[in-house]
Every structure is written in structure tokens, then in C-alpha cells.
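So the chains spell out like this:
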Amino acid sequence: MWWSKNRAVFFAGLFFFLLVTVPTFAQREIQKGEKSPFKDRVYFGGNLGLSFGTITFVDISPLAGVMLTNTLSGGIGGTFQYFNDSRFPEGDNIIYGGRGFLRNNVFQNFFLHSEFESLNLDLYNPRLDRFEREWVPGLFLGGGYFTPFGNRGGANFTILYNFLYDPLRSPYNQPYVIRVGFFL
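Small disclaimer: the values here were computed from a predicted structure and weren't measured. (Residues numbered from 1 in each chain as written. Predicted model: local features only at pLDDT ≥ 70, side-chain atom pairs only at ≥ 80, totals over all residues. Heavy atoms only, no water.)

Our focus in this paragraph is the overall build of the protein. When you go through the protein residue by residue, the secondary structure sums to 2 helices and 8 strands. Its helices and strands in sequence order give the protein the pattern α-α-β-β-β-β-β-β-β-β, from N to C terminus. Taking as baseline every contact in the protein between residues at least 6 positions apart, the subset at least 24 positions apart corresponds to 51%. When the accessible surface of the protein is split by element, carbon and sulfur atoms take 66% of a total near 11,200 Å². (Helix = DSSP H or I, 4+ residues; strand = E, 2+ residues; numbered from the N terminus. Contact = heavy atoms within 4.5 Å. Areas by Shrake-Rupley, 256 points an atom, 1.4 Å probe, with all protein chains shown as cover.)

Put into C-alpha cells, the structure is as follows:
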């Protein structure tokens, strides 16, 4: 069922993955026995999403991370999203929240990713027949591919599964989330 609905997304992701799979430098790592200064272990990045038309969607999700060991990094991030569906009179929603993540580089450009997210959004309460703001948690596990550019920058392609997905409360339309992000 998932496959039949999301075949185009899968092939677009696979195409992007193959497109960025070129000879690259390794991900930023701390060499064993090396004591790198904190400023060299910190990185910044995030995601930006834009869509305009009948459905308008704006996503700004910055993050900051730090290399904890030679392969493990962790960090925090924020999320601000604006959603408007012009087909419905109460079709807009402002979503905000935060997340914490851990990422482990398992091969040269491949990583495992875990993340806890909590988003605040308007949800319809059928008992009271009105919208109310609620916090909705998400627990994401998955992996991805990192392609560096320059000495400190790079791009990530990540596929995650939300283990706390609730179709009635989640801001995502399915438990699978595909992200493309950039880092400096």
C-alpha cells in the first residue's frame, strides 16, 4: 500500500541519491587521539522548504550540532512551518517546535540518524467542534547519505520513519519523512 502511493517519491529520492553519489571527501570527523577545538567540531545547517499555490507551505528548520566523538554527533534544532490550504476557510496553520538528534557515521558518507521532535499546531477537536493548539511528539529513526562540498559544507539526504506517527494528530501525511538539508 505504501509502495503504490509513494512510488514517485521513492524514485525521485533514489535519483537524487545517485546524482550526488560521486567521489567525495569524507564527512567531518575527529581523528582518534586528536583533541580538536570546540569551534572546529561545531556545525550549523538545516532545511528550507517552499511550496506555493492552492497549498502554500513554508518550512524553516535551522539546527546546530557538534561532533562528540570521531563518528558520533548530536545537536538541537528548531522548526517553523506555515501551511495554508486555500480550499478551506480555516486552512492555515502555524507550526513551531524543536528537536534533538544524534547521528552516527557508519561508513564514509552514510549515517544513522535518531531524533525526537515536538511540534505545536492547531488540531481539530470534534468533541468541542473547534481547533485547539496541541504539542505532538515524533520519534524518528533512519539513515542517510552525506555529500560534502568545500572544507566544511555539505548536503544530507535522509529517510526517516516516525515511530510515534498518529494519522489524526501528526503534521506529516505519513510516517515516512524524506529530508534534504545543508550544513556549514
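Take the confidence of the model for the protein next. Within the protein, residue pLDDT values average 82, and 82% of them lie at 70 or more. Every residue in residues 1–29 scores below 50 in pLDDT, and together they form 46 contacts with partners more than four places removed in sequence or on other chains. (pLDDT = per-residue confidence, 0-100.)

With antiparallel pairing, the 8 strands of this closed barrel are ordered in space as 1-2-3-4-5-6-7-8. With direction set aside, neighbouring strand axes in the sheet form an average angle of 25°. The pairing of strand 5 (residues 110–125) with strand 6 (residues 130–149) spans 16 bridges and is classified as antiparallel. Counted as the bridge partner of Ser114 is Leu141 from strand 6. (Pairing = 2+ DSSP bridges. Axes fitted to C-alpha atoms, helices over the stretch in contact; angles between N-to-C directions.)

To continue, consider the nonpolar core. Counting residues in hydrophobic clusters, the biggest one holds 9 residues: Ile95, Leu119, Leu121, Leu123, Val136, Phe140, Leu160, Tyr172 and Val177. Within the residue set of this core, elements represented by two or more residues are strand 5 and strand 6. Sort the elements by how many residues they give to this core and strand 5 lands first, with 3 residues. Residues in contact with Phe140, not counting those within four places in the same chain, are His113, Ser114, Glu115, Glu117, Leu160, Tyr161, Asn162, Tyr172, Val177 and Arg179. (Core = buried A, V, L, I, M, F, W, Y, C linked by side-chain atoms within 4.5 Å. Buried < 20%, exposed > 50% of the residue type's maximum accessible area, 1.4 Å probe, protein only.)

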